Amino acid sequence: MHQSGKIVAYCSAALSAAAIASFVTLSVISPWIGLSSNAARRDAPEAASEQAKTPSGDAATPTEEVRALAATVSGHDPQRATQDPAPAASPPLVEAAATPQAGEAEAPPPQWSTAEVDAALMECVNLLAPVTAQVIPLAPIRYNDCGTPAPVLLRSIGGKDKVAVDPPMLMNCPMVVALNRWMEKTVQPAALATLGSPVTRIAGSGYACRNLYNLPNERRSQHAFADAIDLPVFFLADGRRIDLATGWGPTRRDLVAGVKLIPIAAKSASADGEADQGAPSAKIAATPASATAAMQVSVKSAALVQDAAPPEDKAPAPDPLSLPQAKFLRLVHQGACGVFTTVLGPEANDIHRTHLHLDLQDRHALNVCK
């Protein structure tokens, strides 16, 4: 029994000595570990020093302190992780990735969908089946809000009275059908009736991505959708050229402007006559003899002027509206109003004085014919 008590005492003393030695060793080495952690990670010197100087009376055991110091040296401090909130997922980097760079290309413009192209092609097949026309199918056109999913290049139209389109015009298929109908029902009959020769060629323009009258603040023209054409000239089989700039003749605006000049001239002549008649009337009141002599001289002068004037044997100038080309152009203009939804010619404004504008804009039965 006594021997067993001694053994227990010796073991207790050994364990106490080992604990004291461990504590002394940790106390001596901790400052050096703190210095090395300060050199390896500059942003956490205070944490390393505080953990290195933890007194023996704290709740943490020496083993836990060593683990904490090791974690501090490696950059993973569990105590600091529980105290500090988790860092954000780097918002500047995410924002920079979402925002396009200065030299980066913009997103491609919208394109026609496959369904839109297929529907337009099917419409073209159905519309052009009964029409005699030489067309070249083109790839879909889309530039911002301009273009059409199934454009064609029209080179000629008509069967028996074939009309060449030179240069070819780019348009959609409904415009080809409308142009063919207009040529057969109106243009060719009017050309034979007024000019005695059929139309063999037309020249003009079709698709153009632009606004109305090329003004920046206006809406898109129907030319931007390949839904309009401009025709300034017709060529006949006998070689004649009928263009609107010279063949239409005076417009209503021109005639009204000419009528306004007549009263002005008559008024000035009347004013001059009244001024001339004022002086003789005063002379008559003062000296009747001299007034009579003046009247006789004026009558003789008028007789001499009448004898000297050459006889007016010239034929009157023909009415420009009765000329064959003027009649033809007015007939084709009037006939176009029954086919197209918008018809603008010389009577509309000065911009269309030189050509016919024809389009198929959906106007809900409120067609424009000017």
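Basis of the calculations
- Residues numbered from 1 in each chain as written.
- Predicted model: local features only at pLDDT ≥ 70, side-chain atom pairs only at ≥ 80, totals over all residues.
- Heavy atoms only, no water.
- pLDDT = per-residue confidence, 0-100.
- Contact = heavy atoms within 4.5 Å.
- Buried < 20%, exposed > 50% of the residue type's maximum accessible area, 1.4 Å probe, protein only.
- Helix = DSSP H or I, 4+ residues; strand = E, 2+ residues; numbered from the N terminus.
- Pairing = 2+ DSSP bridges.
- Lys, Arg positive; Asp, Glu negative; His and termini not counted.
- Salt bridge = Lys/Arg side-chain N within 4 Å of Asp/Glu carboxyl O.
- Polar contact = N/O pair within 3.5 Å; in protein donor to acceptor, adjacent residues only side chain to side chain.
- Expected span 1.5 Å × (residues − 1).
- Bend = angle between axes of the 7 residues up to and from the residue.
- Disulfide = S-S within 2.5 Å.
- Phe/Tyr/Trp six-rings, centres within 6.5 Å; stacked < 30°, edge-to-face > 60°.
- Lys NZ or Arg CZ within 6 Å of the ring centre and 35° of its normal.
- Axes fitted to C-alpha atoms, helices over the stretch in contact; angles between N-to-C directions.
- Parallel < 35°, antiparallel > 145°, perpendicular 65-115°, else oblique.
- Left-handed = near helix turned anticlockwise from the far one by under 90°.
- Nonpolar A, V, L, I, M, F, W, Y, C, P; charged D, E, K, R; others polar.
- Core = buried A, V, L, I, M, F, W, Y, C linked by side-chain atoms within 4.5 Å.

## A closer look at the confidence of the model for the chain
Here is step 1 of the chain: Summing up the model confidence of the chain, the mean pLDDT is 73 and the portion of residues at 70 or higher is 55%.
Here is step 2 of the chain: For the stretch residues 72–76, pLDDT sits under 50, and the model shows 8 contacts to residues farther than four places along the chain or on other chains.
Here is step 3 of the chain: Low pLDDT, under 50, characterises residues 80–98; the predicted model gives this stretch 4 contacts beyond four residues in sequence or across chains.

## Here we look at the pairing of strand β7 (residues 228–236)
Here is step 1 of the chain: With respect to burial, β7 is a largely interior element, 8 of its 9 residues being buried.
Here is step 2 of the chain: Of the pairings in the sheet, the one linking strand β6 (residues 199–205) to β7 comprises 5 bridges and is antiparallel in character. The residue bridging Arg 201 from the neighbouring strand is Phe 235, located in β7.
Here is step 3 of the chain: Note: β7 against strand β10 (residues 356–359), 4 bridges, orientation antiparallel. Its bridge partner being in β10, Ile 229 is matched across the sheet by Leu 358.

## Some remarks on the side chain of Asp 359
Here is step 1 of the chain: With respect to the helices, strands and loops of the structure, Asp 359 is situated in strand β10.
Here is step 2 of the chain: Put simply, Asp 359 is tucked away with no salt bridge, and the nearest opposite charge, on Arg 363, sits 4.9 Å away.
Here is step 3 of the chain: One polar contact links Asp 359 to His 357, side chain to side chain, over a distance of 2.7 Å.
Here is step 4 of the chain: Those residues in contact with Asp 359 that sit more than four places away from it in its chain are Met 175, Gln 222, Asp 227, Ala 228, Phe 340, Thr 341 and Thr 342.

## Details of helix α7 (residues 173–194)
Here is step 1 of the chain: With 22 residues, α7 extends 30 Å from end C-alpha to end C-alpha; this agrees with the ideal 32 Å at 1.5 Å per step.
Here is step 2 of the chain: At Met 183, α7 shows its maximal bend, which comes to roughly 45°.
Here is step 3 of the chain: The N-terminus of α7 is capped by Asn 172, whose side-chain oxygen sits 3.0 Å from the backbone nitrogen of Met 175.

## Some remarks on the state of the cysteines
Here is step 1 of the chain: Per the counting criterion, the structure on display carries 3 disulfides.
Here is step 2 of the chain: Cys 146 shares a disulfide with Cys 209; S-S distance 2.0 Å. The sign of the S-S torsion, about 70°, decides the handedness of the disulfide formed by Cys 146 and Cys 209: right-handed. Taken as a pair, Cys 146 in strand β3 (residues 146–148) and Cys 209 in the loop between β6 and β7 lie far apart in primary sequence, 63 residues in all.
Here is step 3 of the chain: Overall, Cys 146 belongs to the buried group, its relative accessible area being 1%.

## Focus: the packing of aromatic side chains
Here is step 1 of the chain: Throughout the structure, instances matching the rule amount to 3 aromatic pairs.
Here is step 2 of the chain: Relative to Phe 234, the ring of Trp 182 lies with its centre 6.2 Å away and its plane at 65°, an arrangement referred to as edge-to-face. Taken as a pair, Trp 182 in helix α7 and Phe 234 in strand β7 lie far apart in primary sequence, 52 residues in all. Summarising the burial analysis for this pair, Trp 182 and Phe 234 share the class buried.
Here is step 3 of the chain: Aromatic pair Phe 234 and Phe 328: ring centres 5.5 Å apart, planes at 85°, arrangement edge-to-face. Within this pair, whereas Phe 234 is found in strand β7, its partner Phe 328 is found in helix α11 (residues 324–336), the two being separated by 94 residues in sequence. Considered together, Phe 234 and Phe 328 belong to a single accessibility category, that of buried residues.
Here is step 4 of the chain: An aromatic cluster is defined as three or more aromatic residues linked by ring pairs; in this entry it consists of Trp 182, Phe 234, Phe 328 and Phe 340.
Here is step 5 of the chain: The ring of Trp 112 is capped by Arg 142, whose NZ or CZ atom sits 4.4 Å from the centre of that ring.

## Points about the packing of α7 against α11
Here is step 1 of the chain: At a closest axis distance of 9 Å, the pairing of α7 and α11 adopts a crossing angle of 165°. Compared by their axis directions, α7 and α11 come out roughly antiparallel. In this structure, α7 crosses over α11, and the sense of that crossing is right-handed. Counting all contacts with α7, which are made through Trp 182, Thr 186, Val 187, Ala 190, Ala 191 and Thr 194, the residues of α11 involved are Pro 324, Lys 327, Phe 328, Leu 331, Val 332, Gly 335 and Ala 336.
Here is step 2 of the chain: Tallied by class, the residues present in the contact of α7 with α11 amount to 9 nonpolar, 3 polar and 1 charged.

## Examining the nonpolar core
It is characteristic of soluble globular proteins that their nonpolar side chains tend to be buried jointly.
Here is step 1 of the chain: Grouped together as the largest cluster of nonpolar side chains are 41 residues, with contacts concentrated most on Trp 182, Ile 202, Phe 234 and Phe 328.
Here is step 2 of the chain: Counting residues per element, the ones that place at least two in this core are α6 (114–128), β4 (152–157), β5 (163–171), α7, β6, β7, α11 and β10.
Here is step 3 of the chain: A total of 10 residues in this core trace back to one element, the largest contributor, which is α7.
Here is step 4 of the chain: The residues touching Phe 234, leaving out its near neighbours within four places in the chain, are Trp 182, Met 183, Val 187, Val 199, Arg 201, Ile 202, Arg 240, Arg 241, Ile 242, Leu 244, Phe 328 and Leu 329.

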